[in-house]
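Structure at a glance
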Amino acid sequence: MIASLSSEWLKIRSVRSTYVVLAVVALAVVISALFVWQGMVVFDGLPPERRENFRVIPMEEYMLPMVQLALGVLGVLAITTEYAHGTIKSSLVAVPARGTLLAAKAAAVAAVALAAGQAAVFATFLVTRALVGDRPIPDHGASVAQQAPQLLLLGLSVAVFAMVGLAFGVATRSAAGAIVSVVALLFVIPAGITYLPAPWGTRLSAVMLPNLPDQIAGALGWRSEVVVGPWARVPVLPPAWAAVALAAYIVVPLAAAAVLFRRRDA
């Protein structure tokens, strides 16, 4: 297993796509800073009576889908590139135990995604709060310590998307098909289910992956309905059940991918 981990780590850090993905993550932090800087320029130019109604979206949440999508693509490419170039056969010759190979690949992808996700979330939080400074902007007064549980979970959700992307890549063996699946899970399905008849739309929205981190952190409170994400009002799950749902997004896709990986020919 140690040799497999070393091999997968070498693969992921030696391909150009990894650095392109990390550049996109860094770009998300820069874009967040530019948005907040522009907002602060506008705020400083407003008369005092209008400043009371001024709002700025917490950018660590607003830009998170961009980071999640980028690392989801990384997970996809970690396996589909090998299928596309035929190097999966060489990998299986070196590591005949397919479960070991997939576990090592998942560990390498998860490590990169978790580090990138946490770095992006905390960097966005710190940079944007520094730009806000002591201005009385709602939702921008909490310290790092107060926001740490939510920030850690937001970063964790990035790694979860990477695992889902890897699982989709194993299932489809196609970069295009797997990336479309990741986009559907991140954007299309959460938006589409809000049009389902009540109460199914709101119930299903609560277990959508983009909506789980805040519920685990308890940041949404215990109201019967809250605004989560850009699409819907959804009921809040208890943190324990939200954590179970988040874990299921890791375990179920990877377990299904492992079964397919073992049963299919390379």
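This is a predicted model, so every value here is computed, not measured. (Residues numbered from 1 in each chain as written. Predicted model: local features only at pLDDT ≥ 70, side-chain atom pairs only at ≥ 80, totals over all residues. Heavy atoms only, no water.)

**Digging into the environment of S205**
The condition is simple: Counting from the N terminus, the helices are DSSP H or I runs at least four residues long and the strands are E runs at least two residues long. Categorising residues by exposure relies on relative accessible area from a 1.4 Å probe, with only protein chains included: less than 20% of the type maximum marks a residue as buried, more than 50% marks it as exposed, and the intermediate range marks it as partly exposed.
For S205, the position within the fold is in helix α10 (residues 200–206). Given the relative accessible area of 2%, S205 is considered buried.

**Considering the side chain of T18**
Here is the rule we go by: It only takes one pair of heavy atoms within 4.5 Å for two residues to be counted as in contact.
Summarising the element assignment, T18 is placed in helix α2 (residues 16–44). Looking at T18, the relative accessible area reads 4%, which means it is buried. Discounting residues that sit within four places of it in the chain, T18 has contacts with I12 and L74.

**Considering the pattern of salt bridges**
Convention followed: Salt bridges are defined as contacts in which a side-chain nitrogen from Lys or Arg sits within 4 Å of a carboxyl oxygen from Asp or Glu.
Applying the stated criterion across every chain yields a total of 6 salt bridges. In this structure, K11 and E82 form a salt bridge, with 3.2 Å as the shortest nitrogen-oxygen distance. Of this pair, K11 sits in helix α1 (residues 2–13) while E82 is found in helix α5 (residues 64–85), placing the two residues 71 residues apart along the sequence. The class for K11 is partly exposed, based on a relative accessible area of 25%. When the shortest N-O distance is used, the salt bridge between K105 and E82 registers 2.5 Å. Here K105 is found in helix α7 (residues 98–132), whereas its partner E82 is found in helix α5, with 23 residues between them in sequence. Residue K105 is classed as buried on the basis of its relative accessible area of 3%. Overall, E82 belongs to the buried group, its relative accessible area being 6%. By sharing partners, the salt bridges in this structure join E8, K11, E82 and K105 into a single network.

**Considering the nonpolar core**
We count it as follows: Residues enter a nonpolar core if they are buried and are Ala, Val, Leu, Ile, Met, Phe, Trp, Tyr or Cys, with the set joined through side-chain atoms within 4.5 Å.
The biggest cluster of nonpolar side chains holds 49 residues, and the ones touching the most others in it are L71 and F261. Within the residue set of this core, elements represented by two or more residues are α2, α5, α6 (87–94), α7, α8 (144–172) and α12 (239–263). If we skip the residues at most four places from it in the chain, L71 touches V21, V25, A113, A116, V158 and A162. L186, L209, L212 and L246 belong to the second largest nonpolar core, which has 18 residues in total.

**Details of the packing of aromatic side chains**
The criterion, for reference: Two rings from Phe, Tyr or Trp (for Trp, the six-membered ring) form a pair when their centres sit within 6.5 Å of each other. Planes less than 30 degrees apart are called stacked, planes more than 60 degrees apart edge-to-face, and all others tilted. Charges are assigned to positions over rings by a cutoff of 6 Å between ring centre and Lys NZ or Arg CZ, combined with an angular limit of 35 degrees from the ring normal.
Applying the stated rule across the entire model yields 1 aromatic pair. Taking the centre distance of 5.4 Å and the plane angle of 65° together, the rings of F43 and F54 count as edge-to-face. Taken as a pair, F43 in helix α2 and F54 in the loop between α3 (48–51) and α4 (59–62) lie far apart in primary sequence, 11 residues in all. With relative accessibility at 13%, the residue F54 sits in the buried group. Above the plane of the ring of F43 lies R51, whose end atom (NZ or CZ) is 4.9 Å from the centre. Sitting over the ring of W200, R203 keeps its end group 5.4 Å from the ring centre.

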